[in-house]
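Fold and contact review
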There are 2 protein chains.
Amino acid sequence: MSEPKAPDASRRSERSRRAIFDAALALVSEAGYAKTTVEGIAARAGVGKQTIYRWWPSKAAVLLDAFLDLAARAAEEAGAAPGETELPDTGDLAADLRLVLRATVDEFNDPRYDAPTRALAAEGSTDPELGARLTAALLEPQLDAFARRIEAAREAGQVDPGTDARLATELLVGPLHHRWLHRTGPLTHAYADALVAQALRGLTPRP
Amino acid sequence: MSEPKAPDASRRSERSRRAIFDAALALVSEAGYAKTTVEGIAARAGVGKQTIYRWWPSKAAVLLDAFLDLAARAAEEAGAAPGETELPDTGDLAADLRLVLRATVDEFNDPRYDAPTRALAAEGSTDPELGARLTAALLEPQLDAFARRIEAAREAGQVDPGTDARLATELLVGPLHHRWLHRTGPLTHAYADALVAQALRGLTPRP
């Protein structure tokens, strides 16, 4: 992923960067990935096309960074420290997972997040290169954080020693994403809680 | 969903219908949904555009029927009777679920199925109307069949009486779809088996 160069006029740069991200997310939400262009993003952001190309090599790169920035802001709104990727660990696995999945539900129900997430998920589904970058930059760190939290619970004797933390993660994340993507049911806190309870029921230690 | 009218020259019609479906699936796989047109499908299938419009009102309608036909053929190849939507019921829930999820893995690993499924999933993700039609025509009947099989096991005392069959279904189907869509891991029979074992561990009756 490309990073903007550290400029001298850093405040003006940050303003441009924010305007470019907002424009990119708005356009991809409204028109879809295919119809979003660097020219369109520049026009909407009120910057020159060359400003975008100075910082990012392609439309995909801008959108990926815009999306990572959006996800980071959503995580901060949900209470995470900036740059934080760890799940909370209060010692109560069920409570920690409910908190995180409820926050995911809130994000999916937020149009600012839902529309660009759908646009990029759609594009990543059919474009293997973009899909791989999205998965590596955004999804894998999330899955790893879940797995680490489950491993901590396993070490604390709260889940079965034979637990595959990655598989357990997928049982928590997969159903929620599936319901969201295919709109097969309401996304509520009650659903998040029921999902956590059902998944954890399969993880508890057995005598 | 529109059905082709029963024509007199039914064999020729069936040949055209098959050619149209094949062309539609090939184009959507190669060029994506947005760039697939009724004109393009007609040219590739060697039929007139009016032949397509006689049977289907829109590109979305042709593609949806082509995709349902593909899914039905995949199910038949996997051993289902034509039109069959029920899951097998041998009395062994784990074995029946392994059989079905292994067949799903095989489909996802088959480029004939993978490419158009990705194209339509992508389009359904961002187009709520097409998404709702795909979900209603294809996904909901599958989810209902899983839920009925789990309910039968619940009635037979093989899963906990408090089991929510729909939620249990999502724990089986969601992780597999998520791993396929985002390419976050290998899709193998061993994975299908592990998923079934983990999900069922949360469903077994407790004393």
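Residues numbered from 1 in each chain as written. Chains lettered and ligands numbered in written order. Predicted model: local features only at pLDDT ≥ 70, side-chain atom pairs only at ≥ 80, totals over all residues. Heavy atoms only, no water.

**A closer look at the overall build of chain A**
- The number of helices and strands found in chain A is 9 helices and 0 strands.
- Taken from the N to the C terminus, the helices and strands of chain A come in the order α-α-α-α-α-α-α-α-α.
- With respect to the principal axes defined by its C-alpha atoms, chain A has extents near 65 × 40 × 30 Å.
- Split into buried and exposed, the 207 residues of chain A put 51% on the buried side.
- Once local pairs closer than 6 in sequence are excluded, the contacts in chain A between residues at least 24 apart make up 67%.
- Counting only carbon and sulfur atoms, one obtains 53% of the accessible surface of chain A, whose full area is about 9,500 Å². (Helix = DSSP H or I, 4+ residues; strand = E, 2+ residues; numbered from the N terminus. Buried < 20%, exposed > 50% of the residue type's maximum accessible area, 1.4 Å probe, protein only. Contact = heavy atoms within 4.5 Å. Areas by Shrake-Rupley, 256 points an atom, 1.4 Å probe, with all protein chains shown as cover.)

**Quick word on the packing of aromatic side chains**
- Tallied over the full model, the rule gives 10 aromatic pairs over all chains.
- Between A:Trp55 and A:Trp56, the aromatic rings sit 5.7 Å apart at their centres with planes inclined by 85 degrees, giving edge-to-face as the arrangement. For the residue pair A:Trp55 and A:Trp56, the accessibility class agrees, reading buried in each case.
- Judged by centre distance (6.3 Å) and plane angle (50 degrees), the ring pair of B:Phe108 and B:Tyr113 falls under tilted. (Phe/Tyr/Trp six-rings, centres within 6.5 Å; stacked < 30°, edge-to-face > 60°.)

**Quick look at the relation of the copies chain A and chain B**
- Here chain A sits on chain B after a turn of 180 degrees about the axis and a move of 0.0 Å along it, with an RMSD of 0.0 Å. Overall, the copies show the geometry of a two-fold rotation axis.
- A shared interface surface links the copies, since 100% of the contact residues of chain A are contact residues in chain B too. (Least-squares fit on C-alpha atoms with pLDDT ≥ 70 in both.)

**What to know about the layout of surface pockets**
- The space that makes up the second largest pocket amounts to roughly 810 Å³.
- Taken together, 32 residues form the lining of the second largest pocket, with A:Ala34, A:Glu123, B:Tyr33, B:Ala34 and B:Glu123 sitting closest to its centre.
- Examining the composition of the lining of the second largest pocket, we find that 7 residues originate from one element, helix α6 (residues 111-126) of chain B, more than from any other.
- When grouped by side-chain class, the residues that make up the lining of the second largest pocket number 15 nonpolar, 6 polar and 11 charged. (1 Å grid on protein atoms, 1.4 Å probe; cavity = no way out; pocket = protein on both sides within 12 Å on 5 of 7 lines; lining within 4 Å. Points joined across faces, edges and corners; volume = space filled by probe spheres on them. Nonpolar A, V, L, I, M, F, W, Y, C, P; charged D, E, K, R; others polar.)

**Quick word on helix α5 (residues 93-108) of chain B**
Residues and elements named next belong to chain B.
- In a regular helix each residue adds 1.5 Å, so 16 residues correspond to 22 Å; α5 covers 23 Å between its end C-alpha atoms and thus fits that length.
- Of all the positions in α5, only Leu93, Asp96, Leu97, Val100, Leu101, Ala103, Thr104, Val105, Glu107 and Phe108 are classed as buried.
- Considering only its buried residues, α5 is in contact with α4 (59-77), α6, α7 (128-155), α8 (165-182) and α9 (189-201).
- Where α5 begins, one side-chain oxygen reaches toward the backbone nitrogen of Ala94, 3.2 Å away; that side chain belongs to Asp92. (Expected span 1.5 Å × (residues − 1). Polar contact = N/O pair within 3.5 Å; in protein donor to acceptor, adjacent residues only side chain to side chain.)

**Some points on the domain arrangement of chain A**
Residue and element names in this part refer to chain A.
- Split by domain assignment, chain A resolves into domain 1 (1-66) and domain 2 (85-207).
- Computed from C-alpha coordinates alone, the two centres of domain 1 and domain 2 are separated by 29 Å.
- Taken together, the contact pairs 9 residues of domain 1 with 9 residues of domain 2.
- Between domain 1 and domain 2, a total of about 830 Å² is buried, with carbon and sulfur atoms accounting for 76% of that surface.
- Three residues stand out in domain 1 for area buried against domain 2, namely Ser29, Tyr33 and Leu64, and they jointly supply 56% of the buried area on that side.
- One can count 0 salt bridges joining domain 1 with domain 2.
- The tally of links between domain 1 and domain 2 comes to 0 residue pairs in polar contact (both at pLDDT 80 or more).
- Breaking the side of domain 1 that touches domain 2 down by element, the ones donating at least two residues are α1 (10-31) and α4 (59-77). (Domains from an automatic or database assignment. Buried area = accessible area lost by both parts, 1.4 Å probe. Salt bridge = Lys/Arg side-chain N within 4 Å of Asp/Glu carboxyl O.)

**Some words on the UniProt feature "DNA-binding region" (unreviewed entry) in chain A**
- According to UniProt, the "DNA-binding region" (unreviewed entry) feature falls on residues 37-56 of chain A.
- Taken end to end, residues 37-56 of chain A is 75% helix and 0% strand, and its two terminal C-alpha atoms sit 13 Å from one another. (UniProt positions renumbered as here; feature names shortened; annotations may be inferred.)

**So, α1(A)**
All names here are of chain A.
- In this model α1 runs 31 Å from its N-terminal to its C-terminal C-alpha over 22 residues, within 8% of the 32 Å that 1.5 Å per residue would give.
- Of the positions making up α1, those classed as buried are Ser13, Ser16, Ile20, Phe21, Ala23, Ala24, Leu25, Ala26, Leu27 and Val28.
- Tucked inside the fold, the buried residues of α1 contact α2 (38-45), α3 (49-55), α4 and α6 (111-126).
- In the segment just after α1, Gly32 is the residue with positive phi, at about 90 degrees.

**Describing the packing of α5(B) against α8(B)**
Residues and elements named next belong to chain B.
- Put simply, α5 and α8 touch, their axes get as near as 11 Å, and they point 20 degrees apart. Of the possible angle classes, the one that applies to α5 and α8 is roughly parallel. Pair α5 / α8 crosses with right-handed handedness. Where α5 approaches α8, its residues Leu97, Leu101, Thr104, Val105 and Phe108 are matched on the opposing element by Leu172, Leu176, His177 and Trp180. (Axes fitted to C-alpha atoms, helices over the stretch in contact; angles between N-to-C directions. Parallel < 35°, antiparallel > 145°, perpendicular 65-115°, else oblique. Left-handed = near helix turned anticlockwise from the far one by under 90°.)

**Here's the deal with the interface of chain A and chain B**
- With 37 residues of chain A at the interface, the matching set in chain B holds 37 residues.
- Summing both sides of the interface, chain A and chain B together bury roughly 3,400 Å²; the carbon and sulfur share of this comes to 56%.
- Linking chain A with chain B are 4 salt bridges, by the criterion used here.
- In this structure, A:Arg201 engages B:Asp160 in a salt bridge whose closest nitrogen and oxygen atoms are separated by 3.0 Å.
- Joining chain A to chain B, the criterion identifies 22 residue pairs in polar contact (both at pLDDT 80 or more).
- Looking at the side of chain A that touches chain B, the elements with two or more residues in it are α6, α7 (128-155), α8 (165-182) and α9 (189-201) of chain A.
- For the side of chain A that touches chain B, the leading source of residues is α8(A), giving 12 residues.
- Of the residues in the side of chain A that touches chain B, the class split is 15 nonpolar, 13 polar and 9 charged.

**Details of the pattern of salt bridges**
All names here are of chain B.
- This structure, assessed with the given rule, holds 31 salt bridges over all chains.
- Glu14 is the salt-bridge partner of Arg17, the closest N and O atoms lying 3.2 Å from each other. Here Arg17 pairs with Glu14, and both are found in helix α1 (residues 10-31), just 3 residues apart, close to one helical turn.

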